[in-house]
Structures are given as C-alpha cells and as structure tokens.
Amino acid sequence: MSPYPLESIHPGAMMLEQQHHQPGQVSLSVLIDMIVQRTYHELTILAELLPRKTDMERKVEIFNFASRTRMILIRLLALVKWASSASKVDKCNNIMLFLEKQSNLFLDTADQLARMARETLVRATLPNFHLPAAAEILTTGGYTRLPRCIKERIIPPPPISAQEKRLTLLKLNQVIEHRLVNSSIPLQMRNLKVADGTVTFTVRNEFECRLTLLGDSSTEPWSLLSIEMLVEDRETGQGKCLMHSLQVRYVHNLIQSRLESKETPRPLHDLYSVLHSLAQLLQLEVLYNQTMRLCAERLGDYVRVEEYVLGRALTISYWRELTLRDPSSEQGHRLSVQIDPHDPAKPLIVVHTPSLTNKEAETAERSIRTEHLSVESLLVHTIYVRTRARLTELKNDVQQRLGLGDVEATLHGSPAVLAIPILQPCLRAEQLLISVDTHTGIFLAHVPQYPSNPYSPQIQACLNGDRGQLETQVSELRYWITARRIEKTLQQLPATPFEQLPLTYDLKTHPLSKMDRHKMYVRLHKQPSAILVVDYSEKPGKECEIQYNYYYLLTRPCSIEDDPEDETVVKEIPRVYMKALGMIEFNSFLVTHGTTTKVDVQELSEKIIGKRKPGGKVEAPIKRTKFPAYFLSDLAHVVSFADERIPFTALESQLTSKGVLHSGITVESTSVGLYLSIVKFPAVPGLPESDSAEFSRQLLSATIRRKGSGWVLEWVFHTSPFDLTSRKGRTPIYSNFELETVNDSDKTVKSILSEWNAMVQLHVLVRKFKRYLESANNNLSSRIFVKRYNFKSLCLEYGSQGMYSVTVSWKKTDDRFGIVFGSSGPASAMNPHAFMKNQYEIQLNRERNLALICKILLETLNPCKSISRLPSTVVRGMSMTNRNAIHQTFTVLPQSTTHLKIMFYGKYCVDIYMRAEGFVSIRDGAYSRFDQTKVIEELQPIQGFKAFLSKYVDAAALARRASQTEDDNPPSPFTMEEAQKSDGKFGGMSMSNTGSSLNPVSPHSTFLQSPPTIRQPSPAMPGAAPSPANPAGSPFPSAASPVGGSPRSKPSPRYAGASPKPVGSSMSQHAQTRILPPRLWAAAIPTVLTTKAFDDICRPANLPGVTSSALVSPLHRFLGCVFMRRTLQHIIKNEEYLTLVNTPNEPSVIAFRVESLLCKVTINQENSFQSLHLRIIPEDQNYWQPDLLQIIQKFFDSKVVAPPYRPNTILGFCKLFQCPSDTMKNIIQLMRFEVQPELVLKYNLKWSISLCLTIPPVAPNVFPVGQAGIIGNKEKILIFMHLTRVNIPAGQEAVSIVVPVVYNIIQNQTCLASLKELQNSSLHAVQQHLSRWATSNINTPGRCSIYPAIHDLLINLTLPNETGFPINSNPSIMPS
C-alpha cells in the first residue's frame, strides 16, 4: 500500500467514513420518516379493526394509540431540540476521529516498512535482461519471436467476402425452391416468398412463419426460424401481443419437432394445421373478450354470451327485449361465430338465427374478415341488416294502412330510417320518422320538428303492439302539426292563436256547438273582442291534405255571475270570461281575391304570352309566391284582412254617432289599402259657427288611413294665412292617433275631434293676429316674424336676428293655449322668458290676444335678459342657525307677465315691474304693499337699497318720459272703472291685471301673494295706475311719471295703511307683517330705472376700481354686502369677546371693540355700495404698526366680504380677534403673503399660503365642510391653511394641500391637528416637518412660534415623491 498525505483526506469523505464505521447512528430525516410511517400504519390498522369492536374497546384502543404516539412525538421533539445544538458534539467527534485516523496511519506505515525490510528486500535482485528482443524492438518496431499457438488459438480466421455470401444465399434459395417444388403445400399457404436463404409463408389475418434448410439433401428437415401470429385485438388489447414469449417458444419447439419427425409425411400441412387452429382459437378468444367488455362497460343486458366453446364456437344473443315481447320467437335473435364443421381449414363462419339471405349474411360476415377484428362491428352490421329488413316490411304495411296514395314513404340512412310524410305538402322536419332501437330492436317514432309532441309515444306503442289504432293516432298527429303550423304562421302577425278560450254560449243554438273539436281561436292583438275561428279537417279520400274554414266571432267580456238574458247587468267581480255573440263565415276565396288583392287566375293564352295592355304592351305573367309548407298564406291573408277591416268598421260607426259626416270605407286607387274621408266636422264648442265654417273652407280633405300600429289623419288645406314658402295650393299635414280596440274606438274619434278643435281655436287666434299685423298703426310686424304655422302650432321669432322663439299651440288635454319658449341661432342660452311661461299662458287664455302677448314680449325682453344673468347657484351653510340648510343665490318668482320678485338667499326680496318704453320699476319686496311701514314676515328689509338704486337713475330719461306721458295723456273725466272698460289698443287692454295675485300653481309662500290694490288714478292719467309708487300700475305708455319715486320723509296719506282694500280680496290673503320704525320705508317706494341701467346692475362685471376681482353683478355685490352686514351684527351680538359700540352720528356704521382695537365696518359709497370696508383704530398707536392694520383691512375687503358671501367666512375672520395680540400679529404676517403675493417670489418661498376662512371640501375630515376655518378659545386656536406650490415647471399640474394647524397659546407650540387616521402622505410629511422644527428651535420667551414655524414650512417643506421642482438653494432671511 503506497503512502498518501493527510491533507488529501476530504472532510466529507471522513464524515462519510465516520458514519459507516460508527454503528448505532441514523439520519434524523430517516428517523422522522420511520415515525410517520409507523404512526400511519397503526392508524390504518385501527381504521380496519375498530368497527368490529365494542364502543369501550374502541375508546381503549384509541387512547392507547394516542398515548404511544404522544410519547414518540415528545421524544422526537426532544431529539430535534437537541439536534439544533449537536453541531459542537459533531465537531469534537470529527476531531477525535481525525486524530485516531492519523495514529492508525503512523502505525501502519511503521508495520509496512518493517515487513519490507524483513521479507521483500531480502530476495530483491536484478533480472537477466533479454538483449536480442530489445534490439529487435528498438530497430524494427516489432517482435517476431512470439509462440505460434497464440495466433492459432486467439486470432479468428478472416471472414468470407460479400460475393461469397451472395453466392451462398443464391445456392440456398435454389435448394429451397427445389424442395418446395417437390413438397406438398396447403392451398392457404400458397402466398410465399423466397429470399435470403429463407422462405416466408403468410396466411392473411392468421399467421406468418419463416423456414430454411440447413443442407441440400432431400431428407434434410425444415428448420423453423420464426413465428408471428397476425391475430390482433385493437379494441381491448392496448397494443400488446396476444401470446407470451414462452408460449411462442413452446409452439416453435412443437412445430420444429413435427418438422423433424420422420413420422410426418407432409410436414407443411401439419405446420398449417397447428398454426391455423391456434389463429382461430385466438380470434374466438378476442371476440369473447370484446363481448364481455362490451357488456360490462356499455351494453349491459342488451347483449349476452349464450355459449362459448374454447377454440370451437362463440354464440351471442341480441334484441332480447324484442324476444320477450314476441312469444313466437323461441331462440330469439342470435349470431354464432364458429369453425366450419365441414372444412376446419377454412376461416371462421357466422351463423345467424333467424337466418338471413346470402347477400345479407355476406354483408354481416365481412366485418370479421378484416385485420380489425371487432365483435361490435359484427353486431352493427348484423343489426343494420335486421333493421332494414324490419323497416321494409313496415313500409309496405303502413303504405296500405294510412292510404298515402301518391305519397310514398322513403327508407334511407344508416342506421336505416323510414320517413312517412303525413301531410301534403310536408317539410322534411315534419315527417314521421320511424327507426329501430339498435339495443332492443323495437320501433321508435318521432317528428324532428316537434320532438316532444304528445302523439309520438302513442304511435310508437301501436307500432310495437296492436296496430289497429295506428290510423287514428297518425290522424291526431296530423291535426296537431296543423295547429302548430297555424301558430307558426301567426308568429309575425298581430294575433295570438289559442286552442281554448273561456267562451260562454248556448250549447243548443250557437254555431260553435256544431263545429268539430279540431279548431283554433285567433285573437287579434289590437282588437281583443274580435276572434277568428279556424276550423280544419282532412279531405275525404286525401287524408294527407287539410282543408280550412274561417269564421269571424264577436265577443264581449262577461263574468260567471252575469245574467245571460240581460246584457245590461254588470257584476263587480273581474270579468274573465267572454260571451260569444254573432259568428260569420268568411269566404276565403273572396277574401284572398278581393279588391285589395292581385288576382292570379289567368287564361291559358295569358299564361303563355302574358296579358295585353291597351297600349299594345304585354304584361309579364303573374308569378305566384311560393311559401314554405308550414306557412298558411290564406290564414295570414284572412288575419290581415280582419285586422285592417275591423278597426275601420268600428271607427266608421263612432264617427257617425258623433255627428261627423264621412264617405265610408274606400279602397285606395292602388288597391293596396283602405281609407276613410271626412266630409264635415261638427261645430267647435265655445266658438261661433262662423269661425268653424271659415276654417272648414280652408280644408280641402281629411283622410284617415292605417299606418303601422296607429291611425294617420291627413289634413289637406288650400292655403296658409302666412305665405311662408313659395308653394301654393295643397298644404298637407299629418296627425297620428293610437289604434284603440273596437270598444274603445270612441277615444280615437274624440282625439280626432280634439285635433280639429285645436286647429280651429289656433286659427281664430292667428286670424286676429294677422289682422293686427296688417294694420298700419303698429310696428309689430317689423319686430315679430312668423317662422312656422302648420295649423297645429304657430312659431314666432323675436329679438335680435330672431334668436328667440315662442310657439303657441292648443293643449287638447287642458282645453287651453300653451306656450313654449325656445332659442336658436346666435342665442347660446335659454330663452329669457322661459321662467314666465305659466304667466304668459294665463294671460293668453284670458285675453285671447296674441298681439298683446307679442308686445309684452318685446317690451320685457331686455329686462328678462338682464334677470337671466343673475346666478341661481344652490349653496349650503348660508344660515347661522341651520347649518345644513340649502339656499339658492337668486330665485325668480314671476307674479305676472310684467311683475316678478327676486329672492336673495331666501332673506331679501326685490320687487320688479317691467314697464313700457324701456323702464323698470324696482322696490324692496319686504315691505307690505298696503302699509309701507310694515314688513312681511320671514323677509328682511334691504338697508340702503334706495341709495343703491339712486346711483343708476337716469334723470334725463325720466324727464323725457314724464314730458311725453303728459303730452300723450291729457286730463280726462273718466273714472277708473270706465277706463278699464275702454277698448284701447294697447295701453288699456286690461292692464290693471298685471298686478294681480300670484299664479295659483306657484308653490311659493303666502307672504309673496299680495293681492292687487286699486288706487285712485291721477287726473292727468285716465285709465291707468297713478304713479310708480303704485306697483299695480300699467307697464305701458299710460304709466305715470317717475317723479313720485324719489325718497320722501314719510309716506303719502293716499298710500298709507288707510288705503282701501282691494276688490275681491279676502283677509286671508294678507301676509303677516310687522311694524317698522320711522324713516326705514324709503325702499318701499318704487324706483324707476331704464333697462340699460337695470342691465348694468344685473350684468357681471369687475368691482369699480379693482381689475382683479371676480365677475359679479353689482346687485349681487350690494345684496351680499347687506347680507354680510346683518351677519356681522348677529355675530357681535352672540360672541362675548366682541362688544358693540353705538355710533349715533354714523347710523350706517357697525362698530365693535375687541381688547385694544376699535373696528368700524361701513359700506363703501365710492363704488356704488358694492363692498364693505373695515377700519381699525388702535388705542396704542405705537403697539400696532399702520402696515399691519392696512394688511388686515385689505384682507377683510378682498377676502372676507367676497362672493359667495358665506356667513362662516366673516365668523372665521372674527375668531382672529379672540387671539392674543402677539398671536394675531403673527397671523397678520401670514396674511401678508396672501394680500401681497409678490412677496412669495421676493423671499424665495416654495409654497404660497392662503388662510381658509371656511373649511374647504379637500380639507381633512376634522369638522364639517363649510364651517368656519378659524376656530379657537383662550388656550388653542385651529387654523386651516391652503398651501400651493410655486415655481412649477411648465406642463406639470399644480400641487396644493390643506393643512389644519393648531397653535397652543399657553405652551407656545405649533403643530398639526391630531387626526384619527393620518393616511395622507403629504400631511404626514407636514407633521414630521413641524415636529423637527419644534425640536430644533428653542422657543424664545415672549415670541409667538406660529409665524416662524409656518414660514420655515413655506421655505423647506418637501412632499413625498416630489420631483421636477427647482430647489431653493438660497432662501432669504425671514421677514420681521
């Protein structure tokens, strides 16, 4: 053994050797696996043994098993825990093993050296070297002196050449051929092949064998080289050989012994006999196995092996159920595969019971004469032959029984199917198909189109049993299919077929009782009371053809409790039955060849050459449409005829009963429809007959036709009153009506009469309007344009470029005129008169004067356009008491066509009267119209409203109007009543009603519904209201002078509370009022403005002197300031830290004191009372710098009192005054960045700041949205700040965040408000920033920390994932 170094020992090998040399060790994984296997084995044994034991024994065994398993698992757990610390023991063990191994190596080395010295080296001497051999090898490279026995015994002789092999095999082939010629060969083995010294015999589907000869002697026996059995089982064999290799070797040895035996005279015959018998044995075994598997897996008891003799015969029975039904059949249907008893050398034969013809038997046996040996194929071929034979026999029987005549049943397909056409014509899907069940052999009957029909099972029972009822069942099936044809024909028609209906009739006298049961009831969808009865029966002698008869049955609803003798009795229970009245038979030939159909009966000459026309042309022969067999064209024509004719008949009767003269039902000239012409309509109720007669002269014709599912009435008029187009003569228009039932056809007639009344009513209105337009005393025709008049509606255009439209039509449901306002062309918004639609409809139906409506539309267009500019936004949080209340900014409440009220936040009301010549009268709607010193409940007077309106008064325009009014209205002795009765053209057309009460359908409160007041007119203005102080005056040129609209020190005695009560009014119409102090009723007196001035106060514009303000109308700003002033008074009254200061010398100033500051809020008169101004006067001028006061004053003017004028905005601002002075100074420093945004860029801030006076929707969910954004007490103050990122690169969205900051006044700490769930990463970054700033900055005594903390936040705040922004590398020093 050669020595080796210690370093070559691998540690893994050493450990492996250690494992091998140390007994009693096992791997932990193997141990766990053994424990698991043992537990599973014991559990399996328990599962098998426990069910046989008693309950107590089972419990004991389960306990013992659980105890043993628990102890084993505890030991395993202790072992696993110890194994986690066993690495140290392993290391020590490895060291000891290594040392022991090294010691053994040293000892072994010493022993080996001693043995070599004592034994080996004693005899160690040099050998005698063979110099000749060495010289020969060195010189020649080889050695020739080896012994010759090595070559003879070890080196094989060289093989023969290919040529010698070929010659040898050819010689052997000749020897084999010679032997075959001299030998006797069986006839079945004549298929042979001699090649390569062997002969191969092949018997198809049986075997293949190879033989050869080992010599050329004539007595040399044949040598069998190989045997291959060609019998295969491709269905159940799974590609495996049928014989084992040992079996093949046994057969090989048996045949070889027979070939070598001298007692066998004909060895090849014996070879064939053995292999042929073996092949037949294998074939029968394969068929038997296939049969057994077929029975077990699929066929069950349908097929059974009756007898199986190994190697001899296999008998199989089938159609066993048919055998049980036919007692005459003893053996039933069988087939036997067996060896030919006369010649065993022949292939297997099949014997059938009952026997088949030679041709049929040959077809069946063909299935087993193939390479694919299959008993299933044999059964299929046999059953196919049997099935076709049975159906052929049935075909001859059915042809005679059913009397098909020229119609012949067909037999086709595999499996064979007998198709019997039971109708003529008949679709293939409607034929009665009869087949044979391949499993049982019984007949199966079905109809492909109707697989679930009720007669196929009965026909099938007759075919398999007594066939005496076959004709009756087929006839019933024929009727059933006819009923389905009727249903299919009516699928696309407005009718539904029923086999039965809840009809009541006299069983003795009514024709329905005499009809056969084969009939169908067809109920028309549009005429439920009309029933078509279709009676069908077989033609005598041609049972396959069906003849149809059609009847019309009229019914009416009835109940089971109705008296059959008295038709007037109607019970209260639901009427679910139908009483059959009269029934009329249709002549189907006349219906299908009537006036509205094309006759297809032609002479022979016409069929050949066509029909000649008078002009000499030849008309092509009529091609009759070919319908499918299931479509009954005559039935469809009858249903269509009834569906079209019945409504006309009912409508004709109702027109006659309503006094409408008509021409009766007439066929169209094209012979494709019906129509009914109306000759004369009755007079319109409420109008003179002359108006109806005049409109009738314009009507040329009125024709009623059916169109789809309704009626179309064509009106043809001679000319239109307005020549809107160049077309002259006929002017057709169309009206559509719903198609009612026969009982409800009077509704259609009422609708037609309503349409006629509507057109007559509109025509009367249009005729008067046209006469007014044609008069020379008005300019209305140049300002109003008729866009469309179609006798149903009149569409007028007005305004600049005709951008607004009004459509007048008669509402048939309400029997009144209706108005629809629209816009088109340059108009981008809705029509400004749309909100006064109801008022215009009321006046139009009262006056019936369209010219007056047009005049009012033109005069009120500009004021309405101005009013439509006022915003109607719905806002929340406008009430100090109810925070969830919703208010609309401006709400327009029309009172009449010229009078409306505008509500602002539901608190202030502006009363507006639109007058002629471009003037508008405005007053404070909060004041009572009957006593101007009283205010309507729930409304607040608008303080300073008169002064605000006086800024927009055009004195020159009022002077011109007053002069013109005095010239146009000289003194007259007429009284007020006579003036109202006068028939003035425009100024006196009942204009006193313009100040009437509210629209009765208006849903507004009762305090707005002030009744009209009839005051004494001025002597200079007869027939009109006195002055603008009278809100009920006329809005037209007869209105009074606006001089009375100027403010007065007290109300005139004529208009005080002692004014007379209005005529026709009641005390319940007076709204609740309250008494006002003196000198507050100035706004109750109307102020007259021009429409231009009114448009100025309603048009959104910038604040005068300020270009960056929002676009808000002056009226909106003024009312908002008034609203905010009142809110401020309410806040001062409720808050303890604010003290109200009385200013008797300044009545319009609100002054309050907080700590060392005196604050005064006044309305700014320099910009027309559209803003509030805050002035702060400090007690210590040295403590409060002027620039700080200017910042807070500017902040109040621009940020607090601003749209949408929320109360919580000014509440949050007032909360600032609750803070200590030092804290307030810090907050004012933050305001500086908002008031002066240029400082953000100056000090290089990353974020701009904005104080949220109300909580925005994007703020954290701390308080409800819309509440005051500044909340505080003496200890803490909460301020919501909106930070926006500045210096944003182009293309990026603005980044902003709302931060709720809490400042602790006592501890002088600024931090983020504590939120329950701080999930926002941006707020989390703000919180961390403020925390870091608080820990790194020591609070200076006497210095507030809110401004330094927020200023550092504005400079250094960085949000998560904030990229792409410029970095502020050189921030400026914090401003003081």
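See the structure printed just above.
Definitions and cut-offs
Residues numbered from 1 in each chain as written. Predicted model: local features only at pLDDT ≥ 70, side-chain atom pairs only at ≥ 80, totals over all residues. Heavy atoms only, no water. Helix = DSSP H or I, 4+ residues; strand = E, 2+ residues; numbered from the N terminus. Buried < 20%, exposed > 50% of the residue type's maximum accessible area, 1.4 Å probe, protein only. Contact = heavy atoms within 4.5 Å. Axes fitted to C-alpha atoms, helices over the stretch in contact; angles between N-to-C directions. Parallel < 35°, antiparallel > 145°, perpendicular 65-115°, else oblique. Left-handed = near helix turned anticlockwise from the far one by under 90°. Patch = residues over 30% accessible without salt bridge, like charges linked within 9 Å, V, L, I, M, F, W, Y side chains within 5 Å. Areas by Shrake-Rupley, 256 points an atom, 1.4 Å probe, with all protein chains shown as cover. Salt bridge = Lys/Arg side-chain N within 4 Å of Asp/Glu carboxyl O. Pairing = 2+ DSSP bridges. Polar contact = N/O pair within 3.5 Å; in protein donor to acceptor, adjacent residues only side chain to side chain. Expected span 1.5 Å × (residues − 1). Arc of directions from axis to C-beta. Phe/Tyr/Trp six-rings, centres within 6.5 Å; stacked < 30°, edge-to-face > 60°. Lys NZ or Arg CZ within 6 Å of the ring centre and 35° of its normal.

## Focus on the side chain of Arg1232
Next, step 1: Along the polypeptide, Arg1232 turns up in helix 29 (residues 1221-1235).
Next, step 2: Overall, the relative accessible area of 15% leaves Arg1232 in the buried class.
Next, step 3: Residue contacts for Arg1232: discarding those within four places in its chain leaves Asp1187, Leu1188, Ile1191 and Leu1239.

## Digging into the packing of helix 26 (residues 1114-1134) against helix 28 (residues 1207-1215)
Next, step 1: Where helix 26 contacts helix 28, the two axes come as close as 9 Å, and the packing angle between them is 45°. If you check the angle between helix 26 and helix 28, you find them oblique. Judged by the twist between their axes, the crossing of helix 26 over helix 28 is right-handed. From helix 26, Phe1123, Met1124, Thr1127, Leu1128 and Ile1131 reach across to helix 28, where they touch Pro1207, Ile1210, Leu1211 and Cys1214.

## Examining a nonpolar patch on the surface
Next, step 1: Together, Leu28, Ile32, Val36, Leu79, Val80, Trp82 and Val89 make up a nonpolar patch on the protein surface, roughly 550 Å² of accessible area in all.
Next, step 2: Elements with a minimum of two residues in the nonpolar patch: helix 2 (28-49) and helix 3 (55-83).
Next, step 3: Structurally, Val80 can be placed in helix 3.

## Overview of unusual backbone geometry
Next, step 1: Backbone torsion omega between Thr353 and Pro354 reads -10°, so that peptide bond is classified as cis.
Next, step 2: Omega for the bond connecting Pro1203 with Pro1204 falls within 30 degrees of zero, at 5°, which places this linkage in the cis form.
Next, step 3: Inspection of the secondary structure assignment puts Pro1204 in the loop between helix 27 (1186-1200) and helix 28.
Next, step 4: You will see that Trp319, though not glycine, has its phi angle at about 55°, which is positive.
Next, step 5: Tracing the backbone shows Trp319 in the loop between strand 6 (313-318) and helix 10 (320-325).
Next, step 6: Judged by relative accessible area, which is 1%, Trp319 ranks as buried.

## Remarks on the pairing of strand 3 (residues 207-213)
Next, step 1: Burial of strand 3 is extensive: five of the seven residues sit out of reach of the surface.
Next, step 2: Here five bridges tie strand 2 (residues 198-203) to strand 3, and the two strands are oriented antiparallel to one another. Following the sheet pairing, Val199 is matched in strand 3 by Leu211.
Next, step 3: Counting the residues in the hairpin turn of strand 2 and strand 3 gives three residues, including Asn205, whose phi is positive at 65°.

## Things to note about the environment of Trp480
Next, step 1: Secondary-structure assignment places Trp480 in helix 14 (residues 470-489).
Next, step 2: Separated by 26 residues in the primary sequence, Trp480 and Pro454 have C-alpha atoms spaced 8.9 Å apart.
Next, step 3: Ignoring any residue separated from it by four or fewer positions in sequence, one finds Trp480 in contact with Tyr450, Asn453, Pro454 and Tyr455.

## Describing the side chain of Asn1226
Next, step 1: Tracing the chain through its elements places Asn1226 in helix 29.
Next, step 2: A distance of 2.9 Å separates a polar atom in the side chain of Asn1226 from the backbone oxygen of Asp1222.
Next, step 3: The contact partners of Asn1226, leaving out residues within four places of it in the chain, are Cys1344, Ile1346, Tyr1347 and Pro1348.

## Notes on the sheet that holds strand 7 (residues 333-338)
Strand pairing in a sheet relies on backbone hydrogen bonds, with the paired strands running either antiparallel or parallel.
Next, step 1: Spatially, 5-6-7-8 is the arrangement adopted by the four strands of the open sheet, whose pairing is antiparallel. Unpaired on one side and paired on the other, strand 5 (304-309) and strand 8 (349-353) mark the two borders of the sheet. The mean angle between the axes of side-by-side strands here comes to 15°, regardless of whether they run parallel or antiparallel.
Next, step 2: Note that strand 6 and strand 7 share six bridges and pair antiparallel. Bridging across to strand 7, Tyr318 finds its partner in His333.
Next, step 3: Sheet strands in contact with helix 9 (residues 267-299) are strand 5, strand 6 and strand 7, and its direction is about 155° off that of strand 5.

## Details of helix 7 (residues 162-182)
Next, step 1: Spanning 21 residues, helix 7 covers 31 Å between terminal C-alpha atoms, matching the ideal 30 Å at 1.5 Å per step.
Next, step 2: Residues of helix 7 that are buried include every one of Asn173, Val175, Ile176, Arg179 and Leu180, and no others. When helix 7 is viewed along its axis, its buried side chains cluster within an angular range of 165° and face the same direction. More than 90 degrees from the buried face of helix 7, the exposed residues found are Lys171, His178, Val181 and Asn182.
Next, step 3: Where helix 7 is buried, its residues contact strand 1 (192-195), strand 2, strand 3, strand 4 (222-229) and helix 9.

## A short note on the sheet that holds strand 28 (residues 804-811)
Next, step 1: Reading across from one edge, 26-27-28-29 is the order of the four strands in this open sheet, with antiparallel pairing throughout. The outermost strands of the open sheet, each flanked by one partner alone, are strand 26 (785-789) and strand 29 (816-823). Between one strand axis and the next, the sheet turns by 20° as a mean value, whatever way the strands run.
Next, step 2: Direction of pairing for strand 27 (residues 793-798) relative to strand 28: antiparallel, over a ladder of six bridges. If you follow Leu796 over to strand 28, its bridge partner there is Val806.
Next, step 3: Contacts from helix 19 (residues 745-774) reach strand 26, strand 27, strand 28 and strand 29 within the one sheet, and its direction differs from that of strand 27 by about 35°.
Next, step 4: The strands touched by helix 21 (residues 850-868) are strand 27, strand 28 and strand 29; relative to strand 27, the strand with the most contacts, the crossing angle is about 40°.

## Some words on the packing of aromatic side chains
Next, step 1: Inspection of the entire model under this criterion finds 34 aromatic pairs.
Next, step 2: Ring geometry for Phe890 against Phe904: centres 5.1 Å apart, planes inclined by 55°, an arrangement best described as tilted. Pair noted here: Phe890 is in strand 32 (residues 890-894) and Phe904 is in strand 33 (residues 899-904), with a separation of 14 residues, a long-range link.
Next, step 3: Ring centres of Phe948 and Phe1118 lie 4.3 Å apart, and the angle between their planes is 5°; on these two criteria the pair is classed as stacked. On the criterion of sequence distance, the pair formed by Phe948 in helix 22 (residues 945-950) and Phe1118 in helix 26 is long-range, its members being 170 residues apart.
Next, step 4: Phe948 sits in the buried class, given a relative accessible area of 0%.
Next, step 5: Of the aromatic side chains, those joined through ring pairs into one cluster are Phe681, Phe695, Trp715, Phe717, Phe722, Trp756, Tyr789 and Phe791.
Next, step 6: One residue, Arg706, lies across the ring of Trp711, its end atom 6.0 Å from the ring centre.
Next, step 7: Of note, Lys1225 hangs over the ring of Tyr1183, and the distance from its end group to the ring centre comes to 3.4 Å.

## Observations regarding the pattern of salt bridges
Next, step 1: This structure, assessed with the given rule, holds 43 salt bridges.
Next, step 2: Ionic pairing is found between Arg484 and Glu487, a salt bridge with its closest N-O pair at 2.8 Å. Here Glu487 and Arg484 lie together in helix 14, a separation of three residues that amounts to about one turn.
Next, step 3: On the basis of relative accessible area, Glu487 is assigned to the partly exposed category, the value being 29%.
Next, step 4: Residues joined by salt bridges that share partners form a network here, namely Asp397, Arg401, Arg467 and Glu471.

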